[in-house]
2 protein chains.
Amino acid sequence: MELFQGLSPVALADTMICARTHELRAETRIFYQGDGAARAYALIVGGVRISQSGSDGEQVVIRFVAPGEMFGTVALFTDRRYPAEAVTLTQSVALSWSEADMLELMTRYPRIAVNLVGILGRRLQEVQERFREIATQSVERRIAHALLRLAEKAGENTGQGTEIDFPLTRKHVAEMSGTTLYTVSRILTRWEKSGWIVTSNQRVTLCDFTRIIRIAEDGVD
Amino acid sequence: MELFQGLSPVALADTMICARTHELRAETRIFYQGDGAARAYALIVGGVRISQSGSDGEQVVIRFVAPGEMFGTVALFTDRRYPAEAVTLTQSVALSWSEADMLELMTRYPRIAVNLVGILGRRLQEVQERFREIATQSVERRIAHALLRLAEKAGENTGQGTEIDFPLTRKHVAEMSGTTLYTVSRILTRWEKSGWIVTSNQRVTLCDFTRIIRIAEDGVD
DNA sequence: CGTCGGTTTGAATATACTCAAAGCCCGTGG
DNA sequence: CCACGGGCTTTGAGTATATTCAAACCGACG
């Protein structure tokens, strides 16, 4: 749990006292976009998808949350409305803190604030990179990047290669890489026929990792 | 200066003591992408463009910095390399702090850290929105959004309308909205012929503000 | 007056989108 | 245990949108 790294045992106890625990089944909406932001969450077990939708209903996936990461935190410090919605991918467990407690903790233990700055900084850099990619690269490269990021975050090593261990539809990949589910399907089937990847039952396994990296970097296939 | 808001006069004096002043002419590179991140900056006068480039040289504009804003700050708290480059648009004045001083200040006055979290949070939200736009909207809408954001940040009210008061090439608009300078040129000339905007000498003035907003929202022209 | 950076414009083209239809797989319920 | 239904995926054909490349143009500044 990066946010609380470097805290004394006493401080850690303090933070746990005011935490609330949530047990959630798959496909549960934790908060909606536009809701008043009441609490900050930390994921312990499972997976969460954060998506943002525009006025027409076009959606994009902002990120996938893996165990150990925070989500819904930013809203507390900005306009107090969640700018996106959070949905569990699988059965999950999360902790949460109220806004007041969070602020209190942060002023009592500045280290938390500094940690949070680091976390947000890294997230900012990641989105900026994704922005550059979508602005300048071909769809194929973007899809490669998307899969690599997921593998990095939630990759399980199986016999066949690295499996991204939560359910992932073509639509979601499309919403991560700024394209349509049709294009994603075409490209993934091509990769599968070439043997770079295997997909089955909404699970994607990267077999030829270096090949995918090559596509992401060079755009060569 | 949002970062230091809510500080006592004493604290403010402390921060100013360790600040260094920079006077910069137009088109000066303040730092390069990949440089070891030594200092955090605050812009006092002028304008700065932050751009990121990929391995091939494709560039995007991450943001324009207006007076009162910080830049180069995130890098101190992540991997200590600037993830983008900063170039002055016009003659400018900036303050800067060393990494050590900044950390020291933040732990001494937690309020600074909390402020920074708010700033980063808002920037994160903005990039995420831009990401959604570029992923789902037509080029024309994206250009409209780009101009509106600039007008919001650096709009001067003249007789003809709202002028964006720093030099802005077609190329830069393209790099903000993820398109080519040719497409930007075509669209801006069309808007100019219709009377929604006026451009001259790298200055853009939005005459029919509501029209541009309509394009940004509906995609209607 | 010439040069250079920025801009406009045209024609040809590519890339990826749209829409429609069929197929597949999985879990459910009979 | 098998048949059915629903969500997800595949595939094709046609097309729009925006890119690419080339060339001319404009205007500011030395």
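What you see is a predicted model; the values in this text were computed from it and never measured.

Procedures and definitions
Residues numbered from 1 in each chain as written. Chains lettered and ligands numbered in written order. Predicted model: local features only at pLDDT ≥ 70, side-chain atom pairs only at ≥ 80, totals over all residues. Heavy atoms only, no water. Salt bridge = Lys/Arg side-chain N within 4 Å of Asp/Glu carboxyl O. Helix = DSSP H or I, 4+ residues; strand = E, 2+ residues; numbered from the N terminus. Buried < 20%, exposed > 50% of the residue type's maximum accessible area, 1.4 Å probe, protein only. Contact = heavy atoms within 4.5 Å. Buried area = accessible area lost by both parts, 1.4 Å probe. Polar contact = N/O pair within 3.5 Å; in protein donor to acceptor, adjacent residues only side chain to side chain. Least-squares fit on C-alpha atoms with pLDDT ≥ 70 in both. Near = heavy atom within 4 Å. Nonpolar A, V, L, I, M, F, W, Y, C, P; charged D, E, K, R; others polar. Pairing = 2+ DSSP bridges. Axes fitted to C-alpha atoms, helices over the stretch in contact; angles between N-to-C directions. UniProt positions renumbered as here; feature names shortened; annotations may be inferred. Domains from an automatic or database assignment.

Working definition: two side chains of opposite charge can pair if their charged atoms are close together. Within the structure shown, the criterion is met by 26 salt bridges over all chains. A salt bridge links Arg149 of chain A to Glu133 of chain A; its shortest N-O distance comes to 2.9 Å. One end of the pair, Arg149 of chain A, is in helix α5 (residues 139-154); the other, Glu133 of chain A, is in helix α4 (residues 110-136), and 16 residues separate them in sequence. The exposure class of Glu133 of chain A is buried, given its relative accessible area of 5%. The partner of Arg141 of chain A in a salt bridge is Asp56 of chain B, and the shortest N-O contact between them spans 3.5 Å. Of this pair, Arg141 of chain A sits in helix α5 while Asp56 of chain B sits in the loop between β4 (48-53) and β5 (59-65), which puts the two residues in different chains. A relative accessible area of 52% means that Asp56 of chain B is categorised as exposed. Shared partners join several salt bridges into a network, and the residues in it are Asp14, Glu104 and Arg108 of chain A.

A word on the interface of chain A and chain B. In this complex, chain A contributes 43 residues to the contact, which on the side of chain B involves 44 residues. Summing the contributions of chain A and of chain B, the shared interface buries around 3700 Å²; its carbon and sulfur component is 71%. Put simply, chain A and chain B have four salt bridges between them. At the boundary of chain A with chain B, the tally comes to seven residue pairs in polar contact (both at pLDDT 80 or more).

Moving on, we get to the relation of the copies chain A and chain B. With an RMSD of 0.0 Å, chain A superimposes on chain B once it is rotated by 180° and translated 0.0 Å along the axis. As the rotation angle and translation indicate, the two copies are arranged about a two-fold axis. A share of 100% of interface residues in chain A that are also interface residues in chain B marks the association as one of identical surfaces.

Turning to the protein's contact with DNA strand C, a few remarks are in order. Around DNA strand C, the structure places 17 residues, and the nearest of them are Val139, Thr179 and Thr183 of chain A together with Arg170 and Ser185 of chain B. Here the atoms of DNA strand C within 4 Å of the protein split so that 60% fall in sugar or phosphate, with bases taking the remainder. One nitrogen or oxygen atom from the side chain of Arg170 of chain B is found 2.8 Å from a phosphate oxygen belonging to DNA strand C. Looking at which element gives the most residues to the surface near DNA strand C, the answer is helix α7 (residues 181-194) of chain B, with six residues. Residues of the surface near DNA strand C, tallied by class, amount to four nonpolar, nine polar and four charged.

With that settled, the discussion passes to the sheet that holds strand β12 (residues 203-206) of chain A. Residues and elements named next belong to chain A. One open sheet accounts for four strands, arranged β9-β10-β12-β11; its pairing is antiparallel. The open sheet has two free edges, formed respectively by β9 (155-157) and β11 (197-200), since each of these has just one partner strand. Taken over all neighbouring pairs, the strand axes of this sheet differ in orientation by 25° on average, direction set aside. The pairing of β9 with strand β10 (residues 162-164) spans three bridges and is antiparallel. Residue pairing across strands places Asn157 opposite Thr162, the latter belonging to β10.

Okay, the UniProt feature "domain: HTH crp-type" (unreviewed entry) in chain A next. When the UniProt feature table is mapped onto this chain, "domain: HTH crp-type" (unreviewed entry) is found at residues 137-210 of chain A. Within the segment residues 137-210 of chain A, helix and strand shares are 54% and 19% respectively, and the terminal C-alpha atoms sit 19 Å apart.

What follows is about the domain arrangement of chain A. All names here are of chain A. What the domain assignment reports for chain A is domain 1 (2-132) and domain 2 (138-218). The gap between the C-alpha centroids of domain 1 and domain 2 is 26 Å. Contact with domain 1, which involves 12 residues of that partner, is made by nine residues of domain 2. Across the domain 1/domain 2 interface, buried area totals approximately 1100 Å², and carbon plus sulfur atoms make up 60% of it. Linking domain 1 with domain 2 are two salt bridges, by the criterion used here. As a salt-bridge pair, Glu129 and Arg149 come within 3.7 Å of each other at their nearest N and O atoms. At the junction of domain 1 and domain 2, the tally comes to three residue pairs in polar contact (both at pLDDT 80 or more). Listing elements by their share of the side of domain 1 that touches domain 2, those giving two or more residues are β5 (59-65) and α4. It is β5 that contributes the most residues to the side of domain 1 that touches domain 2, four residues altogether. Taken together, the residues of the side of domain 1 that touches domain 2 sort by class into five nonpolar, two polar and five charged.

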